[in-house]
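Chains, contacts and geometry: an overview
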Amino acid sequence: MAVSRQSFFRWRQRRNAPLVTSEDILLEIADVLRRKFLWSTGNVAATLTGIRAMAEVVKPEIVLSDCEDPDDNRILEAAVAGRVACIVSGDRHLLRMKVFRELRL
């Protein structure tokens, strides 16, 4: 199911749902913004600062290989470290999993 960014943030505010990320995820976000969207270093830095301000940055202590896309395992590792109730993603590899350790995707 696709959800707009605005709908997600309204839902998150109403439920006071925590947002969890990790340094590995932030590094990947920075790389994609620079490489794929050609963002400037300043815009990338400002965006990462904003994400850090609203999210809990966890330090996963496990390394997983449950997802067919190795990079997406970083999402699963952060979810475990952050003890989240669900994972919200539009990533096709994660969505194909449907459930991970009793978490809905």
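Above: the structure in question.
Right, let's walk through the structure included here. (Residues numbered from 1 in each chain as written. Predicted model: local features only at pLDDT ≥ 70, side-chain atom pairs only at ≥ 80, totals over all residues. Heavy atoms only, no water.)

1. Points about the side chain of histidine 93
- Mapped onto the elements of the fold, histidine 93 is located in helix H5 (residues 92–97).
- Residue histidine 93 is classed as buried on the basis of its relative accessible area, which comes to 12%.
- Side-chain polar atoms of histidine 93 contact the side chain of aspartate 69, separated by 3.5 Å.
- Among the polar contacts listed, one links the side chain of histidine 93 to the side chain of aspartate 72, at a separation of 3.4 Å.
- Once residues within four sequence positions are removed from consideration, histidine 93 is found in contact with Cys67, Glu68, Asp69 and Asp72. (Helix = DSSP H or I, 4+ residues; strand = E, 2+ residues; numbered from the N terminus. Buried < 20%, exposed > 50% of the residue type's maximum accessible area, 1.4 Å probe, protein only. Polar contact = N/O pair within 3.5 Å; in protein donor to acceptor, adjacent residues only side chain to side chain. Contact = heavy atoms within 4.5 Å.)

2. Digging into the nonpolar core
- In terms of nonpolar packing, the biggest core is built from 13 residues, with Leu76, Val84, Ile87 and Leu103 touching the most fellow members.
- Per element, the largest residue contribution to this core is three residues, and it comes from helix H4 (residues 73–82).
- Discounting residues that sit within four places of it in the chain, leucine 76 has contacts with Leu64, Asp66, Cys67, Ile87, Leu94, Met97 and Phe100.
- If you look at the next biggest cluster of nonpolar residues, it comprises five residues, including Leu26, Ala30, Leu33 and Val44. (Core = buried A, V, L, I, M, F, W, Y, C linked by side-chain atoms within 4.5 Å.)

3. A look at unusual backbone geometry
- Notably, arginine 83 is not glycine yet its phi reads approximately 50°, a positive angle.
- With respect to the helices, strands and loops of the structure, arginine 83 is situated in the loop between H4 and H5.
- Phi is positive for arginine 101, close to 45°, though the residue is something other than glycine.
- If you trace the backbone, arginine 101 turns up in the loop between strand S3 (99–100) and strand S4 (103–104).
- Residue arginine 101 is classed as exposed on the basis of its relative accessible area of 53%.

4. Looking at the environment of isoleucine 87
- Looking at the element boundaries, isoleucine 87 is found in the loop between H4 and H5.
- The exposure class assigned to isoleucine 87 is buried, which follows from its relative accessible area of 8%.
- Residues isoleucine 87 and phenylalanine 100 lie 13 residues apart in sequence; the distance between their C-alpha atoms is 9.0 Å.

5. Focus: the packing of helix H2 (residues 23–35) against helix H3 (residues 41–54)
- Taken N-terminus to C-terminus, the directions of H2 and H3 make an angle of 150°; their axes are 10 Å apart at the nearest point. With respect to H3, the element H2 is oriented roughly antiparallel. For the pair H2 and H3, the sense of crossing is right-handed. Where H2 abuts H3, its residues Glu23, Leu26, Ile29, Ala30, Leu33 and Arg34 lie against Thr41, Val44, Thr47, Leu48, Ile51 and Arg52.
- In the contact of H2 with H3, the residues fall into seven nonpolar, two polar and three charged. (Axes fitted to C-alpha atoms, helices over the stretch in contact; angles between N-to-C directions. Parallel < 35°, antiparallel > 145°, perpendicular 65-115°, else oblique. Left-handed = near helix turned anticlockwise from the far one by under 90°. Nonpolar A, V, L, I, M, F, W, Y, C, P; charged D, E, K, R; others polar.)

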